[in-house]
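Reading the structure
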Amino acid sequence: MRISLNWLRELVDLTMNPEELAEMLTMAGFEVEEIEDRRTWADGVVVGKVLSCEPHPNADKLNVCQVDIGRGSPSTIVCGASNVKADLYVPVATVGTYLPTVDLKIRPRKLRDVASEGMICSLAELGLAKESAGIHHFEQDSLKVGSDARPLLGLDDVVLDLTSTANRADALSMVGVAREVAALTGAKLKLPDVPELSVETSPSLAMKVSEPEACPIYIGTIMEQVKIAPSPEWLQRRIQAAGTRPINNVVDITNYVLLEWGQPLHAFDRDRLRSVVGTDNLTIGVRFANSGESLTTLDSQKRTLHEQTLLITANDKPVALAGVMGGEETEVFADTQNLMLEAALFDSVAVRRSARSQGLRTEASARYERGVNQAELAIACRRAIHLISELAGGVTTVQAIADSRSSQATATRTIELRLDRVNQVLGPIEPDAEVLSSAATTDPKDMDEDVGELQPEDIERILTALGCTLVPVQERVWSVTVPPYRYRDLEREIDLIEEIARLYGYNNFCDTLPAKTEPGYLSVEQALTQKIQQAFRAVGLTELIHYSLVKPDKENQISLANPLFAEYSALRTELLSGLIDAFQYNLEQGNGALNGFEIGRVFWREEEGLNETDMVAGILGGDPSQGQWVRGGREQPITWFEAKGVMESAFQRLGLSVEYQPDRRNALLHPGRTASLWVQGNRLGTFGQLHPQLRQERGLPNEVYVFELDLDVMFAQMEQEENTASAFKPYSTYPASDRDIAFFAPTKVSVSEIERAIKKAAGTLLESVELFDEYRGENVPEGKRSLALRLVYRAGDRTLTDEDVEPVHRKVRDALIEKFGVDPRS
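Residues numbered from 1 in each chain as written. Predicted model: local features only at pLDDT ≥ 70, side-chain atom pairs only at ≥ 80, totals over all residues. Heavy atoms only, no water.

Remarks on the overall build of the protein
- Looking only at helices and strands, one finds 21 helices and 39 strands in the protein.
- Projected onto the principal axes, the alpha-carbon positions of the protein cover approximately 125 × 85 × 65 Å.
- Considering the protein as a whole, with its 826 residues, one finds that 47% of them fall into the buried category.
- Sequence separation of 24 or more characterises 68% of the internal contacts of the protein that already satisfy a separation of 6 or more.
- Of the roughly 42,200 Å² that the protein leaves accessible, carbon and sulfur atoms contribute 47%. (Helix = DSSP H or I, 4+ residues; strand = E, 2+ residues; numbered from the N terminus. Buried < 20%, exposed > 50% of the residue type's maximum accessible area, 1.4 Å probe, protein only. Contact = heavy atoms within 4.5 Å. Areas by Shrake-Rupley, 256 points an atom, 1.4 Å probe, with all protein chains shown as cover.)

Encoded structure:
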């Protein structure tokens, strides 16, 4: 919101300079992003009168002017504008003036051998227009030459670019900002005088609001004998300062009232409305669009309407997007003589959806989305009618109102406020604080400095300045009635407490910490998550992050009731699809294989209800080596065992002992190269190769591996004492004794089962067991495979002899024969 200080001073008695005002508003929660001092745009520009204008002796397109700037003798100024002539009053930049808009400092100089002492300015050179065809001249007669030209140009103003928080819809208007300044400074508020209006009803204008919840009140007013013309300069300057382009007097008045009261208005050409409907009797309606309807808006865009688009209709024909933008077919133009002025209250949600469906955001929709003060709707309407009558000669003839609000509806509420709760939330105050709010206007501080807390008189003074009415209920407790213009953001006791702190000044409260404080620390889950991230990064995987929203293509997905886009309208049920998409995208962009992992939450729907859990997923593929010159430049995809080794390296860092079992349940994975992962009898997740059909559809390398792990299971294992507390174990100084064992084992028996049986049978003497050979083929019985494992035995207190090792090794062999029916080969 751009705030003109000249305009603001008409609404509130204000004496402080722009910098002080900006600091005060910023400290009160309204950030001032920029101070635009327009006075600097024409500092040194004076009023001059062109006494004579003669052609330049050495240039066809230049003129030599004698200009009186009030300095005794006229100044000679060379000017190239075609519209310069004698007897014009013009803005003159004197020697030494700097024009920041065009970055030009005026110096004496010669133009084609003729001395020039200054410059006659155009509006573009003064920053008041983007382009100018010639110099600017003042319409007034008998101006004082040599006087400051800035008041005549509207450049005696300062504009503050102010940002309000989303809950302060009232601050999107000059009246709202004036009320805030009055509350902060204690200055007198001077709101515009809006005369009452008495208008008759007529069958020629009727209302039909089909969606009363979306439009609780609609006021339509017919004004005749309107003369469309440019707005007066004061009006143009005010809306220009606010960043709005002047169009004509009627449109400028609706924009002016929007800026002044925060109430969007729209003016229709009454005769064009009648032409659209083909009858003299108008029925203005409000409804949602039907599928297939269209409307050309004021920006000349033909828009296909959606069912959530709220419309203004004339005899059921769309003529405007309610609360967003009017229609081109019924707009006010140069020959308009009769108006239908719209003043309405639209539901914020309905306008937000309507504007979003059309990809539009306007000054009107921005205010309706935040909420418009319904109590001042009639005031804003009367203000616009009065200005149109005054500046455009309009005569009010007919008015129709559709008001679906109940008779008990009121834009006020009452809140109980406790002083003890105020002091409990805000804490003690600084004894010598300089109060920013209106509490400082009558007495710097009517409180006991030793107490160090707000007193009843401070609460009453601050809230009264905000427009609230306080009625004591009991000692240190009030019943506070909120003013209508703060109805939307003052709802609870804590809201009033926030207002008290804001106006009293946040910097006037003591900096204190809560009584019970302790240094910050990571929770167990956060610490373990960081450890998991470090482990997977250590084995060469890049951490990835994807949106939790995906396309709705699965039955058990949870769909959003109000999605932003159809492509992101459901919650993901797994992480692998996003990783596969990222892998494919990097290949297509020429970035090579993306080996990465992601920690995220997944969601799914069951008969019992909705569920969610955290998962860890990853993807590996491509050739992990750098440079293939030793292989003649041929790439060698990562193998199952290399990918499995990456996983096991991470598990080793995390202290997890994971077993692998065959698994065929995931349709994304190869049915013969997929394993379920288990840790101490709990299912950890899945690891496997992508299904060949999926790999072919996506154009991925021959072998791509993925994994998906349950984060809660990992937490449960990592939290166990043996994993959280590192135990010291000395290395043995005695040599090891190794034995090999080879046998034919049934193919259905996994190596992990065999290793687990060996460790159980060998006991504490076994240091490690490792598979070093597997063979299937000739001389191997059908349904079996040949396995060879190396067992390393070691003791911490002696050198092992054959008498120590052989009984243990024989026990291992017997256990394998008994449990799995293996045929020993050695």
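Comments concerning the pattern of salt bridges
- Applying the stated criterion across every chain, the model contains 50 salt bridges.
- Between Glu180 and Arg502 there is a salt bridge; the shortest N-O distance is 2.4 Å. With Glu180 in helix H4 (residues 174-185) and Arg502 in helix H13 (residues 493-504), the pair connects residues that are 322 residues apart, well separated along the chain. As far as the burial class goes, Glu180 and Arg502 line up, both buried.
- Through salt bridges with shared partners, a single network forms among Arg168, Asp170, Glu180, Arg486, Asp489, Glu499 and Arg502. (Salt bridge = Lys/Arg side-chain N within 4 Å of Asp/Glu carboxyl O.)

Here's the deal with the nonpolar core
- Judged by nonpolar contacts, the single largest core of 121 residues is most densely connected at Leu8, Tyr218, Ile312, Phe346, Leu417, Ile459 and Leu463.
- Look past the residues within four positions of Phe346 in its chain and what remains in contact with it is Ala214, Cys215, Tyr218, Val286, Leu310, Ile312, Ala322, Gly323, Val351 and Tyr368.
- Leu620, Ala643, Val679 and Leu709 belong to the second-largest nonpolar core, a separate cluster that totals 33 residues. (Core = buried A, V, L, I, M, F, W, Y, C linked by side-chain atoms within 4.5 Å.)

A closer look at helix H21 (residues 802-820)
- A rise of 1.5 Å per residue sets the reference length of H21, with its 19 residues, at 27 Å; its end C-alpha atoms lie 26 Å apart and thus fit the reference within 8%.
- Those residues of H21 lying buried are Val805, Val808, His809, Val812, Leu816 and Phe820. Down the axis of H21, the buried side of the element spans an arc of 100°, and every buried residue falls inside it. When the buried face of H21 is taken as reference, the exposed residues oriented beyond 90 degrees from it are Glu803, Lys811 and Glu818.
- Within two residues after H21, Gly821 carries a phi angle of roughly 70°, on the positive side. (Expected span 1.5 Å × (residues − 1). Arc of directions from axis to C-beta.)

Notes on the sheet that holds strand S30 (residues 596-606)
- Taken in spatial order, the seven strands of this open sheet run S27-S30-S31-S35-S34-S33-S32, and their pairing is mixed. Here the strands that pair on one side only, and so sit at the sheet edges, are strand S27 (542-543) and strand S32 (659-662).
- Sheet topology places S30 next to strand S31 (residues 609-621); eleven bridges connect them, and they run antiparallel. Counted as the bridge partner of Val602 is Thr613 from S31.
- Contacts from helix H15 (residues 576-588) reach S30, S31, strand S34 (682-690) and strand S35 (704-710), with the element oriented near 30° to S31. (Pairing = 2+ DSSP bridges. Axes fitted to C-alpha atoms, helices over the stretch in contact; angles between N-to-C directions.)

A closer look at the packing of helix H11 (residues 419-426) against H13
- In the contact formed by H11 and H13, the axes pass within 10 Å of each other and the chain directions differ by 65°. The hand of the H11/H13 crossing is right-handed. In this structure, H11 uses Arg421, Val422, Val425 and Leu426 to contact H13, whose residues at the interface are Glu493, Ile494, Ile497, Ile500 and Ala501.
- Residues of the contact of H11 with H13, tallied by class, amount to seven nonpolar, no polar and two charged. (Left-handed = near helix turned anticlockwise from the far one by under 90°. Nonpolar A, V, L, I, M, F, W, Y, C, P; charged D, E, K, R; others polar.)

Quick look at the packing of helix H6 (residues 249-261) against helix H10 (residues 377-392)
- At a minimum axis separation of 10 Å, H6 and H10 run at an interaxial angle of 145°. The handedness of the crossing between H6 and H10 comes out as right-handed. Along the contact surface, H6 presents Asn249, Val250, Ile253, Tyr256, Val257, Glu260 and Trp261, while H10 presents Ile379, Ala380, Arg383, Ala384, Leu387, Ile388, Leu391 and Ala392.
- Class assignment of the residues belonging to the contact of H6 with H10 gives a composition of twelve nonpolar, one polar and two charged.

Focus: the confidence of the model for the protein
- Averaged over all residues, the pLDDT of the protein is 89; the fraction at 70 or higher stands at 96%.
- Across residues 434-451, confidence stays below pLDDT 50; counting only partners more than four residues off in sequence or on other chains, it has 47 contacts. (pLDDT = per-residue confidence, 0-100.)

Overview of the side chain of His136
- Position of His136 among the secondary structure elements: in the loop between strand S11 (119-120) and helix H3 (150-153).
- Beyond its immediate stretch of four places on either side in the chain, His136 contacts Tyr89, Val90, Pro91, Cys121, Ser122, Leu123 and Leu153.

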